[in-house]
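Below, each chain spelled out in residue letters.
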Amino acid sequence: MLIDEIVDFCDNEYSSYECTECRNNHLCNHDCKKCLDDLHYHNNIIRTDYSCEHLLDYYVCRYSYKYCSEIIYALSNVDLSQYPYFNILSLGCGGAPDLMAFDYLKLNQRVKYIGLDINESWKKIHNCIEKMNKAESVEFYRGLNVLDFFDNETIEQCNVIVIEYLISFFYSTIGKEGLIEWFDKLAQQVVSYKPSNSPMLIIINDADSIYIGRNDFPLLRDSIESQGLTIKHEYRRHFKENGLFPYSERYHSNANKFNLPDRIKTLYKPAIRCESAQLIFEVE
C-alpha cells in the first residue's frame, strides 16, 4: 500500500539523518516529537511552522496512519459507487493521507489528485509519493497560500475536496469572519466549477477542539448554497466519547484501520486512535 511505502521511506530518511538545522535545539534536544507537540498545542515556543525536512519525515511516521484512517471513516458515509471518477483537490495536503485513503480502498474508478501546500519542505516526500503512487496522476504544488490562492485562481472539474487539519492551523489568525470569507472564495472558485456528471464530495476533517474553528465548519453550507448549488447529503461525525461537534454522531469505533509496525510505534509514538471531528457534504 502507498501508506506503508511512504512511511517506510520517511522512516529510512529520518533514521539515517542527524538533525543539524534546528535553531532551537537547546529547547527540543533534536527531539522532533517536542517540536510537533509545540506546534500542535499552539505553544509556538520552539517552532512556528513545519519548514524542516527532518521534522516532516517524523511527522509522516507519527500521523499518517491516524489521518488516513480518519479519511477512510469519512468515506464510509458515502455511496462512492455514485462517483464516475475521483478528481481530488487536497487543500493543505501535507503528506497526502487522503490520497493514501483512496489507495487503501482500492476503488475501481480512476483517481487524479492535486495537492496544494504552502510548505516547500514537503518536496522530497511529495516526489516520493508521485513516484510510488498508483493513481492515474498525482500533482503537488508547494509554496501556495490557500488563504489567498483563490482570490484569482479557479480549479475546475474536481469532484472531491479534502480539507484536513487545515482550518485549525489558520483559524487563530483569521477567525470566524476570515473563515467565512475563505469559504466564500472556495465556493465561488472551486465548488461552483464542479463537473456536471458527478456529485461533489467535500470532507472537512480536523481537530475536535473548541476555539480553533470546529463549530464554524457548517458555515461552508451557506457559501455553497449562495452559488445556487444544493447540499444533497450532510454528515457530521466525531470519534471521542466527549466529542462536542454540534449535532454530530459518534462513530461506533475509533480504532486505527492499520496494524502499525512495532518499529513505528516504538520510535515515533504515533497517534493510535482517531479523534477528529468531521463535516461531510455531497453537493449536487
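What comes next concerns the included structure. These figures come from a predicted structure and were not determined experimentally.

Right, let's get into the sheet that holds strand E7 (residues 249-250). Read from one edge to the other, the open sheet built from eight strands follows the order E3-E2-E1-E4-E5-E8-E6-E7, with strand pairing classed as mixed. A single partner strand is all that each edge strand has here, and the edge strands are strand E3 (137-142) and E7. Where strand E6 (residues 231-238) and E7 come together, two bridges link them in parallel fashion. Within E7, the residue paired with Arg237 across the bridge is Glu249.

Okay, the environment of Asp11 next. Secondary-structure assignment places Asp11 in helix H1 (residues 2-15). On the accessibility criterion, Asp11 (5% relative accessible area) is buried. Note: C-alpha distance between Asp11 and Tyr59 (48 residues apart in sequence) is 10.0 Å. With near-sequence residues (within four places) excluded, Asp11 lies in contact with Cys61, Arg263, Ile264, Leu267 and Tyr268.

Here the focus is the side chain of Glu282. One can find Glu282 in strand E8 (residues 277-283). No salt bridge forms around the buried Glu282; measuring N to O, its nearest opposite-charge neighbour Lys232 is 6.5 Å away. Those residues in contact with Glu282 that lie beyond four places of it in its chain are Val78, Tyr83, Met200, Leu201, Thr230, Ile231, Lys232, His233 and Tyr235.

With that settled, consider the packing of H1 against helix H4 (residues 53-75). Remark: H1 packs on H4, axes separated minimally by 8 Å, with the N-to-C direction vectors making an angle of 155°. By the angle between their axes, H1 is roughly antiparallel relative to H4. The hand of the H1/H4 crossing is left-handed. Between H1, through Ile3, Asp4, Ile6, Val7, Cys10, Asp11, Glu13 and Tyr14, and H4, the contact on the second element is made entirely by His54, Asp57, Tyr58, Val60, Cys61, Ser64, Tyr65 and Cys68. Tallied by class, residues from the contact of H1 with H4 come to ten nonpolar, two polar and four charged.

What sets the pattern is the α-helix's 3.6 residues per turn: residues three or four places apart point alike. Of all bends in H4, the biggest is about 50°, found at Tyr63. Of all 23 residues in H4, 22 are buried; the element is thus mostly enclosed.

Time to look at the state of the cysteines. Tallying each qualifying case throughout the model produces zero disulfides. Left without a disulfide partner, Cys274 is nearest to the cysteine sulfur of Cys68, which lies 9.5 Å away.

Bringing the pairing of E8 into the picture now. Successive residues of a regular strand alternate their side chains across the two faces of the sheet. For E8, the tally of buried residues reaches seven of seven residues, placing the bulk of the element in the interior. What you see with E8 is no split at all: Ala277, Leu279, Phe281 and Val283 on one side and Gln278, Ile280 and Glu282 on the other are buried throughout. Across seven bridges, the pairing between strand E5 (residues 200-206) and E8 is antiparallel. Pairing of Leu201 across the sheet is with Glu282, part of E8. Pairing between E6 and E8: seven bridges, direction antiparallel. If you follow Ile231 over to E8, its bridge partner there is Val283.

Attention shifts here to the side chain of Ser168. Looking at where Ser168 falls in the secondary structure, it is placed in helix H8 (residues 167-189). Residue classification places Ser168 among the buried residues on the basis of a relative accessible area of 9%. One polar contact links Ser168 to Asp206, side chain to side chain, over a distance of 2.6 Å.

Thresholds, definitions, all that
Residues numbered from 1 in each chain as written. Predicted model: local features only at pLDDT ≥ 70, side-chain atom pairs only at ≥ 80, totals over all residues. Heavy atoms only, no water. Pairing = 2+ DSSP bridges. Helix = DSSP H or I, 4+ residues; strand = E, 2+ residues; numbered from the N terminus. Buried < 20%, exposed > 50% of the residue type's maximum accessible area, 1.4 Å probe, protein only. Contact = heavy atoms within 4.5 Å. Lys, Arg positive; Asp, Glu negative; His and termini not counted. Salt bridge = Lys/Arg side-chain N within 4 Å of Asp/Glu carboxyl O. Axes fitted to C-alpha atoms, helices over the stretch in contact; angles between N-to-C directions. Parallel < 35°, antiparallel > 145°, perpendicular 65-115°, else oblique. Left-handed = near helix turned anticlockwise from the far one by under 90°. Nonpolar A, V, L, I, M, F, W, Y, C, P; charged D, E, K, R; others polar. Bend = angle between axes of the 7 residues up to and from the residue. Disulfide = S-S within 2.5 Å. Polar contact = N/O pair within 3.5 Å; in protein donor to acceptor, adjacent residues only side chain to side chain.

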